[in-house]
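Survey of secondary and tertiary structure
One-letter residues, chain by chain:
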Amino acid sequence: MDTGTHLVIGLGLAGLSQIDPSVSADSAATTAVFIGTVIGSQIPDVDGLLRFKNNATYIRNHRGRSHSLPALLIWTLLITSALALFFHGVPLLHLGMWVGIAVCFHVFSDCFNTYGTQAIRPFSEKWVSWNIIHIFDPFIFSSHIAAIFMWSFHVASPRLVFPTLYGIIALYYIWRTLDHYIVEKGLYRKDPTFQHGDQYTLIVTFNLYVWNVVKRRADGTFQLGELKNSKLKWLDTVRCEDHPAVEASKKHEDIQALLYFSSFTCAEVKEHRWGYEVRWADVRYRHRKQYPFVGVIHMDHNFKTLDSYVGWVNDTRLEKKLRVDLY
């Protein structure tokens, strides 16, 4: 989820903690849990600071170790221990429980979007991305804002508001998960170009009733489409090129980071007077006829790197970032 949604969830969990008598009966415990859930709902994304090192390191590691199973325990213990230094006498087990819930909810919710996490690390480095909930979900965000408003202005008791909120949120997650499963399984019936071996991935959008569709064909070709009003429309076809420059580009750390993160990448090669431009794109993120999540490398005719870039960018900004004249 986005930072704002994680924040309101942290506040919402603080409100939910009022159902715990050990918290609600003690103002110090209430304050400690409030701080703990807000920090716990944000702390796994501290690896965002890696972007200051370089984009390749950030892409390879963001939502990796910081969202892993050991990290859930480490973050919980660190936050709880730090708060215990300032709030003496608070029930540590209850404080740790609510902090842990906030940390776990952060990672859990991140698994539902397209970017995903390495939530089952260290058992596997597989990216868990279920493509079910958009990174910013208006319903989740606005329902939390409404509940926090009612709590803040004493419209209703938090012991009533927040259990109701999270009961509804649980039903919402169940509905979206079942809807995604049913729609994805039936995509081949809506596709007149279906061939044996085609694999479909249904990707959530901001609109609850509009889905992006990625179809991977047996020959490695990708088809990108949109499912709207139960009608499937194909918008683009991407054919991955096979060229020595493509193989050479895989040795560069920028391209390795992109390939490590995504299995939906495709490469194209352009030859210039100075050498080759190899552009890898993650085809899941098609936007306005472009693929903005890319890894691009410029090489001379001997496949020596001249410049490179990996990250989110449009074509205009990309030309400014890469030094080699494209013409």
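Owing to the predicted nature of the structure, the values given are computational and were not obtained by experimental measurement.

A few points about the overall build of the protein
Assigned secondary structure in the protein consists of twelve helices and eight strands. Taken along the three principal axes of its C-alpha coordinates, the protein extends 75 × 45 × 35 Å. Within the protein, contacts between residues at least 6 apart in sequence are counted, and of these 54% link residues at least 24 apart. Carbon together with sulfur atoms contributes 61% to the accessible area of the protein, which is approximately 16700 Å² in total. Counting 33 positive and 29 negative side-chain charges, the protein places the averaged centre of each group 3 Å from the other.

Considering the packing of aromatic side chains
Aromatic ring pairs are defined here through the distance separating the ring centres and the angle between the ring planes. Scanning the model with the defined rule gives 23 aromatic pairs in all. Relative to Phe261, the ring of Trp127 has its centre 5.2 Å away and its plane inclined at 75 degrees; by these criteria the two rings are edge-to-face. Of the two residues, Trp127 sits in the loop between helix H6 (92–110) and helix H7 (138–152) while Phe261 sits in helix H11 (residues 253–261), which places them 134 residues apart along the sequence. For the pair Trp127 and Phe261, a shared accessibility class is recorded, and that class is buried. Taking NZ or CZ as reference, Arg176 lies 5.5 Å from the ring centre of Trp175, over its face.

Let's talk about the UniProt feature "transmembrane region" (unreviewed entry) in the protein
Residues annotated by UniProt as "transmembrane region" (unreviewed entry) correspond here to residues 69–89, 95–115, 127–151 and 157–175. For residues 95–115, the helix share is 76%, the strand share is 0%, and the end-to-end C-alpha distance is 30 Å. Helix makes up 56% of residues 127–151 and strand 0%, with an end-to-end C-alpha separation of 37 Å.

Looking at the sheet that holds strand E2 (residues 210–216)
As summarised here, the arrangement of the four strands in space is E1-E2-E3-E4, forming an open sheet in which the pairing is antiparallel. In this open sheet, the two edge strands, each paired with only one partner strand, are strand E1 (199–204) and strand E4 (231–238). Averaged over all pairs of adjacent strands, the angle between strand axes in this sheet comes to 25 degrees, irrespective of strand direction. Pairing between strand E3 (residues 222–228) and E4: seven bridges, direction antiparallel. Paired with Phe222 across the bridge in E4 is Val238.

Let's talk about the pattern of salt bridges
Tallied over the full model, the rule gives ten salt bridges. Residues Glu277 and Arg279 are paired through a salt bridge, measuring 3.6 Å at the closest nitrogen-oxygen approach. Given a relative accessible area of 5%, Glu277 falls into the buried group. Of the charged contacts, one joins Asp282 and Arg284 as a salt bridge, the two residues approaching to 2.7 Å between their closest N and O atoms. For Asp282, a relative accessible area of 0% corresponds to the buried category. Taking the relative accessible area as the measure of exposure, Arg284 reaches 8% and is therefore buried.

Some thoughts on the environment of Ile135
As for its placement among the helices and strands, Ile135 is situated in the loop between H6 and H7. A residue is classified by how much of its surface remains accessible, and Ile135, at 37% relative accessible area, is partly exposed. Here the alpha-carbon distance between Ile135 and Met1, two residues 134 residues apart in the chain, equals 4.4 Å. For Ile135, the contacting residues outside a window of four places in its chain are Met1, Asp2, Arg63 and Asn113.

Remarks on the sheet that holds strand E5 (residues 265–272)
Spatially, E5-E6-E7-E8 is the arrangement adopted by the four strands of the open sheet, whose pairing is antiparallel. The sheet terminates laterally at E5 and strand E8 (305–312), the two strands that pair on one side only. Neighbour-to-neighbour, the strand axes of this sheet turn through a mean angle of 10 degrees, independent of strand direction. Both strand E7 (residues 293–299) and E8 contribute to a ladder of seven bridges, which runs antiparallel. Residue pairing in the sheet places Val296 in a bridge with Tyr309 of E8. Packing against the sheet, H11 makes contact with E5, strand E6 (275–282), E7 and E8, and its axis sits at approximately 150 degrees to E7.

Quick word on the nonpolar core
Membership of the largest hydrophobic core comes to 44 residues, with the highest contact counts inside it found for Leu13, Leu95, Ile133, Ile140, Phe162 and Tyr166. Elements that contribute at least two residues to this core include exactly helix H1 (3–16), helix H3 (27–40), helix H5 (69–86), H6, H7 and helix H8 (158–185). Apart from the residues lying within four places of it in its own chain, the contact partners of Phe162 are Gly12, Gly15, Leu16, Ala147, Ile148 and Trp151. Of all hydrophobic cores here, the second largest spans 22 residues; its members include Tyr115, Val246, Ala267 and Val278.

Thresholds, definitions, all that
Residues numbered from 1 in each chain as written. Predicted model: local features only at pLDDT ≥ 70, side-chain atom pairs only at ≥ 80, totals over all residues. Heavy atoms only, no water. Helix = DSSP H or I, 4+ residues; strand = E, 2+ residues; numbered from the N terminus. Contact = heavy atoms within 4.5 Å. Areas by Shrake-Rupley, 256 points an atom, 1.4 Å probe, with all protein chains shown as cover. Lys, Arg positive; Asp, Glu negative; His and termini not counted. Charge placed at Lys NZ, Arg CZ, Asp CG, Glu CD. Phe/Tyr/Trp six-rings, centres within 6.5 Å; stacked < 30°, edge-to-face > 60°. Buried < 20%, exposed > 50% of the residue type's maximum accessible area, 1.4 Å probe, protein only. Lys NZ or Arg CZ within 6 Å of the ring centre and 35° of its normal. UniProt positions renumbered as here; feature names shortened; annotations may be inferred. Pairing = 2+ DSSP bridges. Axes fitted to C-alpha atoms, helices over the stretch in contact; angles between N-to-C directions. Salt bridge = Lys/Arg side-chain N within 4 Å of Asp/Glu carboxyl O. Core = buried A, V, L, I, M, F, W, Y, C linked by side-chain atoms within 4.5 Å.

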